[in-house]
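The residues making up each chain are set out below.
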Amino acid sequence: MRANGSFELLFPAKKNEARNDSSAPAKPAPEATLASDNPTLVAPQSSATPDGRQILARPARAGSANETNLNAVGGAFPVPVSSSITPPSPAPSPWKNEIPGNTTPDEFIPEVERYELRSPAFHRFDLDRRDFFKILGAGIAVFGAAANVTAAQESGARANRQDDQPKDIPSWLHINEHGMVTVFTGKVEVGQNTRTTLAQSVADELRVPLASIHMVMGDTALTPFDLGTFGSRSTPYMSPQLRRAASAARDLLLAQAAKEWKTTAEKLIAADAKITNPATGASLSYAQLAQGQTLSHDLPDADPITPPTEWTVAGKSAPKIGARALVTGQHQYTPDLRPANLLYGKVLRPPSFGATLVTADLAAAQALPGVVVVRDGDFLAAAAPTERGAEKALAAIHAEWKINPQPSDRELFPYLKKNLDTEENQKPKVKGLVAEGLAKSARRLEQTYTVAYIAHAPLEPRAAVAEWKDDKLTVWTGSQRPFGVQEELSAALHLPKDRVRVIVPDTGSAYGGKHTADAGLEAARLARAANRPVKIAWTREEEFSWSYFRPAGIIEIKGGITADGKLNAWEFHNYNSGGSGIQTPYDVDNQIIQFHSAKSPLRQGSYRGLAATANHFARESAMDELAHAAEIDPLEFRLNNLSDPRLRAVFESAAKSFGWPQEKTKSGQGFGLGGGVEKGGYVATFAEISVDQASGEVRVVRVVTAFECGAIVNPDGLRHQVIGANIMGIGGALFESINFENGRVTNPHFAQYRVPRFRDIPKIEAILLDRKDLPPAGAGETPIVGLAPAVANAIFDATSIRLRSLPLAPHGLSKQKTSA
Amino acid sequence: MPIQSQINGKNRTFDSEPGTTLLFALREELGLTGTKYGCGEGQCGACTILLNGSPRRSCQLSVSDATGKSILTIEGFEQNGRLHPVQQAFLDQGAFQCAYCTSGMIVSSVALLQKNPHPSESEIVQALQGNICRCGTHPKIIAAVQQAAKAMHRGKS
């Protein structure tokens, strides 16, 4: 899956560059299996099909669905769930929200977050306030709905239509008579630690210990609407929102104490979960103040929140909430739920993408005892008391499919260029005169870069448990978009949304891959037919084949520099991979930048960092090529063309820790860098690689990443994200790609699709720049974008081979090349 | 035919028919859901259990392979409210993000330390090579195994 076509280098030939570049397109196409080339993988199983795991099991003996639900919500004091909490109530009054952390420049071209914005946002507030206190008990509550201007930044061209724009980020907060604080947010925990960091922000603002915070997350019946957990939004948008709610609650407590003591709130202090009157020494705990109250408050327009310089709970590392249950195996992920009378569902997958069902003979399957078979359009599935029973039922179905020809990976890039989706195209961003700038440049670059489709491969495959009760549907599923899943279920099953409840247990990772309702729809459809709860747990092969992928893409760049190495012209076209991170952070007067949407042959969607990885790979590779053409050190070249002080700061601090420039001490050694800014996060990554002279294997030996995202909420959590992103990035940089032929993924197993394992892990250092003067931005995504270009540039440094396609070296470098 | 095994120190009976994977039987019949399905192909290590003390991929075992054997799953390491030193070390180091791989990582690490109480870093890497972590927590997992090795050494001396 290499880019074909012109790899024309327009510089005057310097040293051996021309030769090296002419060798670039000659990479062989990846083969279906990696095993022989990849000594780090454990031996593949003789049979890749997981048939052996379908077994007979007794009906599950777990508690009722409601108990399961409470487990899913978790925590020390479960929230009672009432079935009568449906009447819609007047929406809380909207309030203006000055969103901090908006460091995005005006010209920001938003990325189309595929899938999540196809459905419009909506208001819904199932609980009215009276119900709220009835359920949670007396106390003090804050309701908020924020007029959200910033979420539109995530929305992109498709969502520029007004009805697609998210309108608010509501939240609820309740302090009970024991001083315990319950916070309701539609965000979900998928390993990124947001349960803990959001709780830290609330504890900080409310002046209570972290242990008194209970987060209720991702439950459409209990938490306010939320667009989803993606786009690095939880920290910059949800965190200040929850702080405002906490701040408003604190004001209520201060006012209550002031009333008690016949003084004014200004004279009192809130700290350590109590209000103190310094004049008298009297104090009242929050628990005492909440006794018998049903005080509530709308979020005020501009309740000031505590600046990072005064944080006490936030800004420090805190242990992950619920961590003990993670090391004892007690935490229940979606596939672990076992409601009573559970059936196991299996879906008969089409033989290839785009195939349509012509006929299906269900009689034999339906005759099996205890089996429920559903055919609904092209959906063909069975549920049985055991997984084996469901498998047997599928095997008994005779189905005929009409195969529709599908493109294969070999022809992917020409296919994308030929199949542009002009309706979805974004307008180019134009500044100055690029043609003129190029013409006047002393040196020019014209290059094409490509990225492959890759899979998220979350270790918890897609799963859902669905249960119908009194014409109401409850679905437990690992998803980043509980309300999006609710919307999809509602549409697919023709049900009003108030009869669909989606609950997201803390989930075994997602990385942008769990936005859609797939498993939930399948389970719900089967459960409706069976009139019993149904669990659908995708196999790894299903996960690799039938989920969606990070978009493949082609990026064409033209760049020009002056004789003294200043960027003079920059033209950048991204085909299909996406518009995220497409803007150059470098100073250049003449530029054209455009994203071209294409009709993807594979189902594609969000992936950690979206297209920012592809765009940074291409841009930072091109910058490296220009630096070498100008015979200027690659770091110096970047800094010469960069005035953004925050991006300069990460480049400079990473360079210092890495020791840049470095002299090579052995053959096959190379050093490279890459960096950029995206979603308010600034990243610079330096990598050392080694190329094994015998095998051609490329190893990442050492990585130093500097990251700055404003004020740091939880340093350990942030370090996890920065290091984790780099490790994940190694896979996409070096060896991951989805191979496909005739409408099927040809490497749908871990034995064939290589992900980073322990032996692939380099020494990694994360430098976290804490800017307490700046509001925090999200950090789950951007740290990934510097790794691939840093590795590509280091390979060039080691071998003089310029690789322009991700993955760079799925089979190592050929012997011929390593000797270059 | 019911199959008798000792699971986490207790005699248990599987009613599953022969050929049922041990992973499915543990999770869906006995409710020991701490052992995870990650791939069903023995490639990811999420389903690792100890079978007569040896680390095995339970997705690759039939329930009949457990006949008369002793099985230890992640649920069996905590003793009287006290975590196993490896569990404690994972907790102390925060050696998890989404934690879906954690059960398998802990069981594989316990098996390593039983065989090799003082593993070098490369021996830890070798032992955990078959366990996939997608969140990129590897450096902390290695640190946790090193901490556990020290703690278990102290516990013995």
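Residues numbered from 1 in each chain as written. Chains lettered and ligands numbered in written order. Predicted model: local features only at pLDDT ≥ 70, side-chain atom pairs only at ≥ 80, totals over all residues.

## Notes on the sheet that holds strand S23 (residues 567-575) of chain A
Residues and elements named next belong to chain A. Heads up, the rule is: By the convention used here, strands pair only if DSSP detects at least 2 bridges between them. Secondary structure elements follow DSSP: runs of H or I no shorter than four residues count as helices, runs of E no shorter than two count as strands, and numbering proceeds from the N terminus.
Spatial ordering of the open sheet is given by S16-S24-S23-S22-S17-S31, a layout of six strands whose pairing is mixed. In the strand order of this sheet, the two ends are held by strand S16 (429-431) and strand S31 (805-806), each with one partner. As defined by bridge partners, strand S17 (residues 443-451) adjoins S31 across two bridges and the pair is classed as parallel. Its bridge partner being in S31, Thr450 is matched across the sheet by Ser805.

## Concerning the packing of helix H4 (residues 194-206) of chain A against helix H5 (residues 234-261) of chain A
Residues and elements named next belong to chain A. Worth spelling out the cut-off: Simply put, an axis is a line fit to the C-alpha atoms, just over the touching stretch for a helix, and the angle between two N-to-C directions goes from 0 to 180 degrees. By convention, the crossing between two helices is left-handed when the near helix turns anticlockwise from the far helix through less than a right angle, and right-handed when the turn is clockwise. Throughout, a pair of residues is in contact if the C-beta atoms placed from their backbones lie within 7 Å. Residues are sorted three ways: Asp, Glu, Lys and Arg are charged, Ala, Val, Leu, Ile, Met, Phe, Trp, Tyr, Cys and Pro are nonpolar, and all the rest, Gly among them, are polar.
Packing of H4 against H5 brings their axes to within 8 Å, and their N-to-C directions diverge by 35°. The two elements H4 and H5 meet at a crossing, and its hand is right-handed. Where H4 abuts H5, its residues Thr194, Thr197, Leu198, Ser201, Val202, Glu205 and Leu206 lie against Ser234, Thr235, Met238, Ser239, Leu242, Arg243, Ala246, Ser247, Ala249 and Arg250. Looking at side-chain class alone, the contact of H4 with H5 contains seven nonpolar, seven polar and three charged residues.

## Notes on the domain arrangement of chain A
Residue and element names in this part refer to chain A. The following threshold applies: The source of the domain bounds is an automatic or database domain assignment.
Split by domain assignment, chain A resolves into domain 1 (17-30 + 419-454 + 549-818), domain 2 (50-63 + 334-404 + 462-537) and domain 3 (77-327). Domain 2 puts 20 residues into the contact, and the matching count from domain 3 is 21 residues. Broken down by secondary-structure element, the contributors of at least two residues to the side of domain 2 that touches domain 3 are helix H12 (482-493) and strand S20 (500-503). The dominant element in the side of domain 2 that touches domain 3, judged by the number of residues it contributes, is H12, at five residues. Here the side of domain 2 that touches domain 3 is built from residues that sort into six nonpolar, eight polar and six charged.

## Things to note about the packing of helix H3 (residues 102-115) of chain B against helix H5 (residues 138-156) of chain B
What describes two packed helices is the angle between their axes and the distance between those same axes. Residues and elements named next belong to chain B. This is how the line gets drawn: Angular relationships are summarised with four words: roughly parallel below 35 degrees, roughly antiparallel beyond 145, roughly perpendicular across 65 to 115, and oblique for the angles in between.
Two numbers describe how H3 lies on H5: the axes approach to 11 Å, and their chain directions differ by 45°. In terms of orientation, H3 lies oblique with respect to H5. Considering only the axes of H3 and H5, their crossing is right-handed. Residues Met105, Ser109 and Leu113 of H3 form the contact with H5, whose participating residues are Ile141, Val145, Ala148, Ala149 and Met152. Class assignment of the residues belonging to the contact of H3 with H5 gives a composition of seven nonpolar, one polar and no charged.

## Side note on the sheet that holds strand S7 (residues 269-271) of chain A
Residue and element names in this part refer to chain A. Sheet architecture is open: three strands sit in the order S7-S8-S9, paired in antiparallel fashion. Where the open sheet ends on each side, the last strands, each with one partner, are S7 and strand S9 (283-285). Across this sheet, the average inter-strand angle for adjacent strands is 20°, counted without regard to direction. The pairing of S7 with strand S8 (residues 274-276) spans three bridges and is classified as antiparallel. Within S8, the residue paired with Ala270 across the bridge is Ile275.

## Points about the interface of chain B and chain A
Where interface size is quoted, it is often the accessible area lost as the parts come together. Listed per partner, the contact involves 53 residues of chain B and 59 residues of chain A. Within the residue set of the side of chain B that touches chain A, elements represented by two or more residues are helix H1 (22-29), helix H2 (85-93), H3, helix H4 (121-128) and H5 of chain B. If you tally residues by element for the side of chain B that touches chain A, the top one is H1(B), at five residues. Taken together, the residues of the side of chain B that touches chain A break down into 24 nonpolar, 21 polar and eight charged.

## Considering the confidence of the model for chain B
The condition is simple: A residue's pLDDT is the confidence the predictor assigns to it, expressed on a 0 to 100 scale.
Of the residues in chain B, 98% have a pLDDT of 70 or more, and the chain-wide mean is 95. Taken together, the chains of this predicted complex give a pTM of 0.86 and an interface ipTM of 0.98.

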